[in-house]
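A look at the structure
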Amino acid sequence: MSRWRLMTGTVVVITSGLVAGVRAADPPRTTTIEDPLRPAAIATSEVPAVPAKLAERMRRYQNVRSAGFRGWAPDGRGMLIRTRFGNTTQLHLVETPGGRRRQLTFFDEPVEGRFLPGEHQGALLLSMSRGGDENNQVYLLRAHAGKSGYRLTDGRSRNILGPVRSDGLFAIIHSTRRNGRDTDLYIADPQQPNRLTPLLETRGEYWRAKDWSRDGSLLLINHYVSINESYPAILDVATGKKTAIPIPGSRPAAYGAMTFTPDGRSAYVATDTNGEFRQLARINLKTMKYEFLTEKLPWDVTSVTVEPELGLVAFTTNEDGASGLYLLVGRKFRRYDLPLGIVSGVKFSPDGTRLGFTLSRPDAPADAWAMRLPDGRLTRWTYSEVGGLDEDSFVVPERIRYKTFDGRPVPAYVYRPASASKQTPAAVLVHIHGGPESQYRPYFSPTDQFYLNELGIAVIRPNVRGSAGYGKTYVRLDNGLNREDSVKDIGALLDWIGTQPDLDASRVAVYGGSYGGYMVLGSLVHYSDRLKAGIDVVGIASFETFLKNTKAYRRDLRRAEYGDERKPEIRKFFHRIDPIHNAARIRTALLVAHGVNDPRVPFSEAQQIVPRVRANGQTVWTVYAGNEGHGFRKKANRDYLHNVVARFLQEHLLKK
C-alpha cells in the first residue's frame, strides 16, 4: 500500500507504489549527434543539434500555459483545475475568480482527477499511468488526513474511473484486471484499497457506465461497437440485470452523452436515431418512449448535464467545430453567447446557480470559466500565461470548404501568417488529425502560432472524410475498403492550395499523429511529387501489423473502424495500401517520432517504416522517447520534439 504525507504543503511519495520516480523503458540508443537540449530519455538518429537561437525563439511559446476545469469544490467556493507548472500537468484548487492556483498533487506523471462527492472533506479520486503505458491506476487522496492516500486498483491492469454515486460512497471502475483483454465493470469503495466488487463481466463487448441514478439503484450503460453503432441499457446495481433501451428504427445508431433525470425515471441521451446528427432526446424509462428535443439544431449534441435539485439541463453542441452552450427548461432551450471556441466539462455548481466549464479559443489558451444563470454573465476564473507573447499577434483561422474528388465539400480551418501575400506566398503545413473518427476543432495551439509568427508558415487543419461532427454519413465515408479516399481528400486540398495566391503550392509539408501519422505516410506515398516533407508522430505504418500488435482490449474496437485483418479480402487490401509496402514511393524527407511504451500504436510501427524509407536514399530523422506512450506528455520531451520539428521544417520545407 502506498503512503503519502504532507511536508511543508507538498505531497511527497514515500514508496515506489505510486508513479513518481518510475524508471521507464530504455529506447534504442541510436543517437549520433550530441545535443545538450535533448532529454536523457530520448534517443535520436540523423537529427542535428537544435540551434540555441531557434530554441530560444520557441521557448516563449512552450511556456504558454492552459487550465482545464475539473469540477466545483464540494462547498461550491472553489474550482478544481488541471494545469502545469513543472514538467507534468497536475491538479490545483482556485478559491476565487483570478485567485491563486494552489497545487494539490505533485507527481512525475500527468494526473487526472475529481473531487469525491458528498461529505468527504475534499477527498480526491485520481487517475495516473506510468511512462505513457495507459495502464491507468485509480487512487484516493484524503486531504483531511494530512494528504494520505492509497491505490484502489491492482497496479497492473488498465483502469478507467466511471461515474461516482452522488454520496461518494461507491464508484464504478472499468478494468481489464480479469484477463487483460475484456474491460469489466466493478464497484469500488473509496475507503477500501484494491478491493473491487465485480458488477458486469463483458466477454468481448465494450461497455461503459455513463451515469448513476441519485438513489444508487441504477446505472446507465452503453455497449460501444463503433462511432456509428452502440446499444444503451439500464443496469440494476443490486442484481446485475441489464435491460436494453430500445433503438427506434431498424438500423444501428450511435449514442453519446447519457444522464438520468433527478428522479431516475427518465434519461437524457444524445443519439442519431432521428437523423444525421446526434439530437438530444428524453426517454421515459418505463414506457421506453423517446421525446426528441433538438430536432431544429443541425449539429451534434456533444454533452448534457442535469442539475440534481431543480432539474435544469445544460447541453453543448458541435457547430462546425465550435461549441454552442444551451440551457433546457421543459421543452424550450436558450443559447448563450460565448466567444468562438470549444466548451467542455460543463458542470452545475452545488447551489445550481452557475455553470463551470473549460473554454478553449483559437487565439487564447484554454481557461476555466463560470456562467451565472439565468442571465448568462461570464466570469473567468483562471488567467493562463502566454509566455510574454503579444496576444494581438495570435492568428484566428478562416473556416473554409473545398471540393474533393467526388464533389463533396471538405471542411478545413486555414491559419494564414501576416507575412503571406501574392508577392511572398507562404509555405504550408497541412496538419491532419488522428482518430480517424475525430475532428479538428479551433483550439489554441502555441506551436501553430510559432509556425505562423516566427517561421511564416501557413497552417491548414482539414477534417477529411471520416471526421466526426458533420453527420453520420460523412463519418462512414472512409470505412473499410474506402480508406484511401481520405488520402484523396488531401490531394484535393493540394489542388485548393494551388488556387491561393498567398500560399506556395511548391512548399507544402504534412504533419499528423496516430491515424494522422498514417495519413502523412499515405499522402507521401501518393503525392511525393507535390510535397516537400512529412512528420509522422506515433503513426500507423501497417494496418495489418497495427491490429496484430495493439493492446488486446483495443483490437476489436479498431477492427470495427479499419476492417478485420483476419479476413482474406481485408488483409489483401491492407497489403495493397499499407505504407510499409509502398515505402519505395516516398521520395521526401521524413521525421518519425514515437513513444517506446505506446500501447495503442506500438513502437514497432516506427521501426518498420524508417528503414524502408531510408532505403530510398531519403533523409529520415527519428525521435524516440523511452518514457512516453501514445504522444509526448512530459514537457521536457514535448519541448524538445517541437524544437526538432521546427528545425526539420526550416531545413526541408522553407528552403527553396
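Residues numbered from 1 in each chain as written. Predicted model: local features only at pLDDT ≥ 70, side-chain atom pairs only at ≥ 80, totals over all residues. Heavy atoms only, no water.

Under the definition given, this model contains 43 salt bridges. Glu 201 is the salt-bridge partner of Arg 178, the closest N and O atoms lying 3.7 Å from each other. Taken together, the residues span a long stretch of sequence, with Arg 178 in the loop between β13 (171-175) and β14 (184-188) and Glu 201 in the loop between β15 (196-200) and β16 (206-212) at a distance of 23 residues. In this structure Arg 178 comes out as partly exposed when scored by relative accessible area, which is 30%. Here Arg 372 ties to Asp 375 by a salt bridge, and the two come within 2.4 Å at their closest N and O atoms. Asp 375 sits in the partly exposed class, given a relative accessible area of 40%. When salt bridges that share partners are traced, they join Arg 178, Arg 181, Asp 182, Asp 184, Glu 201 and Arg 203 into one network. (Salt bridge = Lys/Arg side-chain N within 4 Å of Asp/Glu carboxyl O. Helix = DSSP H or I, 4+ residues; strand = E, 2+ residues; numbered from the N terminus. Buried < 20%, exposed > 50% of the residue type's maximum accessible area, 1.4 Å probe, protein only.)

What follows concerns the layout of surface pockets. Approximately 360 Å³ is the volume attributed to the second largest pocket. Taken together, 20 residues form the lining of the second largest pocket, with Arg 278, Asp 300, Thr 302, Ala 468 and Gly 469 sitting closest to its centre. The set of elements that each furnish at least two residues to the lining of the second largest pocket consists of β20 (255-260), β24 (300-306) and α3 (472-476). Sorting elements by how many residues they give to the lining of the second largest pocket places β24 first, with three residues. For the lining of the second largest pocket, the per-class residue count stands at seven nonpolar, seven polar and six charged. (1 Å grid on protein atoms, 1.4 Å probe; cavity = no way out; pocket = protein on both sides within 12 Å on 5 of 7 lines; lining within 4 Å. Points joined across faces, edges and corners; volume = space filled by probe spheres on them. Nonpolar A, V, L, I, M, F, W, Y, C, P; charged D, E, K, R; others polar.)

One way to put it is that helix α4 (residues 483-497) packs onto helix α5 (residues 515-527) with a least axis distance of 9 Å and a crossing angle of 65°. Between α4 and α5, the interaxial angle falls into the category roughly perpendicular. For the crossing formed where α4 meets α5, the hand is right-handed. Each of Arg 483, Glu 484, Ser 486, Val 487, Lys 488, Ile 490, Gly 491 and Leu 494 in α4 lies in contact with α5, whose residues at this interface are Tyr 515, Tyr 518, Met 519, Gly 522, Ser 523, His 526 and Tyr 527. In terms of residue class, the contact of α4 with α5 is built from seven nonpolar, five polar and three charged. (Axes fitted to C-alpha atoms, helices over the stretch in contact; angles between N-to-C directions. Parallel < 35°, antiparallel > 145°, perpendicular 65-115°, else oblique. Left-handed = near helix turned anticlockwise from the far one by under 90°. Contact = heavy atoms within 4.5 Å.)

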